[in-house]
Structures are given as structure tokens and as C-alpha cells.
Amino acid sequence: MHKWVYWLAWSIVPIVPATGWAAGTPAAASRQPIAIVIHGGAGTLSPKDMTPGLEMEYRFVLRKSLDAGYGILKKGGTSLNAVQAAIEVMEDSPLFNAGRGSVFTHDGKNEMDAAIMDGSNLEAGAVADVQHIKNPIALARLVMEKTSHVLLVGDGAEKFALSQGMPLMPASYFYTKQRWEELQRALKKEGNQAAAVREQYPGTQAHGFGTVGAVALDRYGNIAAGTSTGGLTNKLDGRVGDSPIVGDGTYANNLTCGESGTGIGEYFMRLNLAKDVSDLMEYKGWPLKKAVDYEIYDKLVKFGGKNSGGLIALDRKGDIVTAFNTSGMYRGWVDTRGHVFVKIFKGE
Ligand code: ASP
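Parameters at a glance
Residues numbered from 1 in each chain as written. Predicted model: local features only at pLDDT ≥ 70, side-chain atom pairs only at ≥ 80, totals over all residues. Heavy atoms only, no water. Axes fitted to C-alpha atoms, helices over the stretch in contact; angles between N-to-C directions. Helix = DSSP H or I, 4+ residues; strand = E, 2+ residues; numbered from the N terminus. Parallel < 35°, antiparallel > 145°, perpendicular 65-115°, else oblique. Left-handed = near helix turned anticlockwise from the far one by under 90°. Contact = heavy atoms within 4.5 Å. Nonpolar A, V, L, I, M, F, W, Y, C, P; charged D, E, K, R; others polar. Pairing = 2+ DSSP bridges. Phe/Tyr/Trp six-rings, centres within 6.5 Å; stacked < 30°, edge-to-face > 60°. Lys NZ or Arg CZ within 6 Å of the ring centre and 35° of its normal. Salt bridge = Lys/Arg side-chain N within 4 Å of Asp/Glu carboxyl O. Buried < 20%, exposed > 50% of the residue type's maximum accessible area, 1.4 Å probe, protein only.

S.K.: For this particular structure, what's the right way to read the packing of helix α9 (residues 273–284) against helix α10 (residues 288–302)?
M.R.: Angle between the axes and distance between the axes are the two parameters that describe a pair of packed helices. Two elements in contact, α9 and α10, have axes whose closest approach is 9 Å; the angle formed by their N-to-C orientations is 135°. The angle between α9 and α10 places the two elements in the oblique class. Judged by the twist between their axes, the crossing of α9 over α10 is right-handed. Two secondary-structure elements touch here, α9 through Leu273, Asp276, Val277, Leu280 and Met281 and α10 through Leu288, Ala291, Val292, Tyr294, Glu295, Ile296, Lys299 and Leu300. Here the residues of the contact of α9 with α10 sort into 10 nonpolar, no polar and 3 charged.

Structure, rendered in C-alpha cells:
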């Protein structure tokens with residue numbers, strides 16, 4: 001074969017869009033890299049706050065979540081299924097601020113938010129302020145697939161869950177001693193006045209982290225992202241954060257990247273942070289790392305959000321970025337070579 005035929009073949013490959021004809025075909029699927037990245041929340045965290053036993057438990061659940069998601073991708077499953085499975089593992093663990101283990105509102109309730117997004121067609125589903133759903137990410141997926149809406153909240157979301165055969169859990173299922181004590185400390189600190197959520201902005205001390213998220217790339221070139229959270233300790237009843245809002249705490253687009261954020265939602269929401277990263281890639285041609293680093297270490301900080309959170313992201317090549325301006329973020333990933341990483345602290 002002539003040299004120019006090789007040259008032509010290789011020069012065409014990078015411009016074939018992941019959403020185009022190459023996606024979904026068996027030939028494309030065998031060439032396509034797979035990868036997954038997860039987080040279990042960002043916050044103020046140092047090795048001295050952690051006992052070796054607790055650290056091992058966190059690392060174990062993060063690994064279990066990666067295994068669940070990557071296992072699906074490896075068998076040729078979709079990125080949506082991988083994201084949901086990885087998140088459900090963390091929602092089922094009392095260690096994380098999502099599902100079981102969610103933080104408490106000012107009035108002592110658990111109000112959970114979640115979203116999932118399909119980067120192949122920009123379909124999305126989300127729920128907010130649900131109090132009795134074991135796996136809010138599964139309900140968000142049902143909103144995406146079974147309704148013509150994007151976001152359902154509160155009682156309406158739970159009524160929809162029942163109509164789909166999803167049982168409601170008693171409030172006691174979500175109770176953990178640690179989260180209850182966190183609320184008591186926060187209440188004591190503010191003298192049991194009406195919660196002044198804005199006062200939490202300058203620091204993340206009152207921020208009970210542990211929000212969970214996942215982003216995956218499957219063999220068909222499709223990216224999906226999801227986030228699930230109990231929100232912020234001592235938040236006002238009815239407060240909704242960035243996690244269930246498409247473009248703020250969760251976003252996926254095959255043309256650019258998938259993302260899940262964690263931190264003080266009030267910052268992420270006003271910057272439309274996740275969509276901003278995607279826009280920098282789409283309109284300015286920035287690579288993933290440059291766009292994520294700019295948002296987390298520059299824009300967010302200049303906006304007053306020093307020590308306010310982090311982001312996980314993955315692009316269509318399977319390149320992974322994790323960034324946070326806090327002292328720690330529970331995180332893990334399996335890269336395109338199949339190498340597994342689980343990390344907690346900064347500088348690890
Ligand atoms: N971003 C979440 C919220 O503001 C909280 C978190 O990530 O820890 O609801």
C-alpha cells in the first residue's frame with residue numbers, strides 16, 4: 001500500500017466524531033478506549049483527621065464503586081449503566097453524603113438531590129429534595145428515560161418513584177450518628193438561629209462533604225456523568241444545590257467531556273461551572289485539563305470560592321482530570337490502560 005494511503009487513514013481518524021457513524025459500530029467499539037472516574041466528595045480533610053481503619057473503609061468502598069462501574073464497561077456495557085452502578089455503591093454506603101449517610105437539613109431531615117446525563121444526545125434526568133429514595137441516581141435515570149421532563153422535586157418525584165415500582169424508605173434508613181452529630185455541632189455554632197447558609201461561604205468548616213459522582217466513557221464512544229448528594233449540613237429545608245442542575249454540578253457531552261462536581265453548590269451554580277468547562281473546550285478548543293484547572297484553581301477562587309470544592313472530568317479520548325481547591329477529595333479512576341487509582345488527600 002502507498003505511504004499516502006496510511007497517511008490519509010491516520011489523518012482522518014481524529015476528525016471522526018464520537019457521535020457520528022463510527023460510534024456504536026462493532027469495529028469502532030473494539031478500538032474505542034474505556035475509562036471511569038469517580039469522587040466521594042471534596043472538603044477540608046487531612047490525614048490526622050482519619051484513623052487507619054476509617055481510611056481503609058473509604059478506600060475499600062471507592063474501589064468497590066470503581067469495580068462496579070468498570071466491570072460494566074469492560075463487558076461492553078454503556079457508560080450510563082456504569083455511572084449508575086458506581087454511584088449506587090457509594091449511595092448504599094453510610095460513609096458518603098448521598099443516599100444512606102446523607103447529611104441533615106436545619107430541621108433534621110435528609111433531602112437528597114441527584115442527576116444523570118447522557119453525552120450522546122444531551123438527555124438528562126434529575127431529582128431534588130427527595131427524602132425516601134434509597135438510590136436517588138436510579139430515580140434520576142427514570143426521570144430521564146420515562147418522562148418528558150428533566151427535573152422532578154419533592155413529593156412529586158416520590159409519587160413518580162412509586163408509579164415506577166420504586167419503594168419509599170423510612171427516614172430512619174438514612175440516619176447515621178456521624179451526620180446527626182455534625183448537624184448538632186453546626187446548630188450549636190450558630191446558636192440555633194435560622195440557618196444562615198451564606199455564612200458558610202467563606203470556609204468549608206460546616207460543609208459536610210461526601211457527595212458522590214461518576215463519569216464514564218464506554219466502547220461506543222459515549223460519555224455519561226452523574227452526581228448524587230444529601231447537600232450541605234444545616235441547609236435550609238427546600239434548598240437545592242448544584243448537583244441536580246444540568247451544567248452546574250453535572251454535565252456530559254460527547255463532543256467535549258463529562259463532569260461531576262462537589263463542593264459548596266452556591267458557587268458552582270452561579271458560575272454554571274460544569275458547562276463553562278465544556279464551553280471552553282467547545283468554543284475555545286482548550287484541552288480538558290486546561291479548562292478544568294482554570295475553573296477550579298482560578299475562576300472559582302477569584303469568585304470567592306477558595307477552599308470550596310472540586311471536579312472530576314473525562315473527555316472522549318478517555319483522558320481523566322481530577323481537581324480540587326480543598327485539602328482533600330475522595331477520588332478514584334480506571335484509565336484507558338486499565339490502571340486503577342484510589343486517592344484521598346492532596347499531593348497523593
Ligand atoms: N455540591 C453539593 C451541594 O452543594 C455538596 C457537596 O458536593 O458536598 O449540594
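S.K.: Looking at this structure, how should I read the sheet that holds strand β1 (residues 35–43)?
M.R.: Two orientations exist for strands paired in a sheet by backbone hydrogen bonds: parallel and antiparallel. Read across the open sheet, the 8 strands follow the order β4-β3-β2-β6-β5-β1-β11-β12; overall the sheet is mixed. Each of the sheet's edge strands pairs with one partner strand only, and the pair in question is β4 (151–153) and β12 (340–345). When the angles between neighbouring strand axes are averaged without regard to direction, this sheet yields 5°. Lying over the sheet, helix α3 (residues 52–74) contacts β1, β5 (212–217), β11 (328–334) and β12, oriented at roughly 145° with respect to β12. Helix-sheet contacts for helix α4 (residues 79–91) involve β1, β2 (112–118), β5 and β6 (223–229), and the interaxial angle to β5 is about 155°.

S.K.: Would you mind showing me how to read the packing of aromatic side chains here?
M.R.: Centre distance and the angle of the planes are the two values used to describe a pair of aromatic rings. Throughout the structure, instances matching the rule amount to 10 aromatic pairs. Members of the aromatic cluster, connected to one another through ring pairs, are Tyr58, Phe96 and Tyr330. One Lys or Arg, Lys290, reaches over the ring of Trp286 and ends 4.3 Å from the middle of that ring.

S.K.: How should I be thinking about the pattern of salt bridges in this particular structure?
M.R.: Close approach of charged atoms lets side chains of opposite charge pair. Applying the stated criterion across every chain, the model contains 16 salt bridges. In this structure, Lys275 engages Asp279 in a salt bridge whose closest nitrogen and oxygen atoms are separated by 2.8 Å. Of the two residues, Lys275 and Asp279 are both situated in helix α9; the distance of 4 residues between them amounts to about one turn of the helix. Judged by its relative accessible area of 28%, Lys275 is partly exposed. A single network of salt bridges, built from pairs that share partners, joins Glu55, Arg59 and Glu348.

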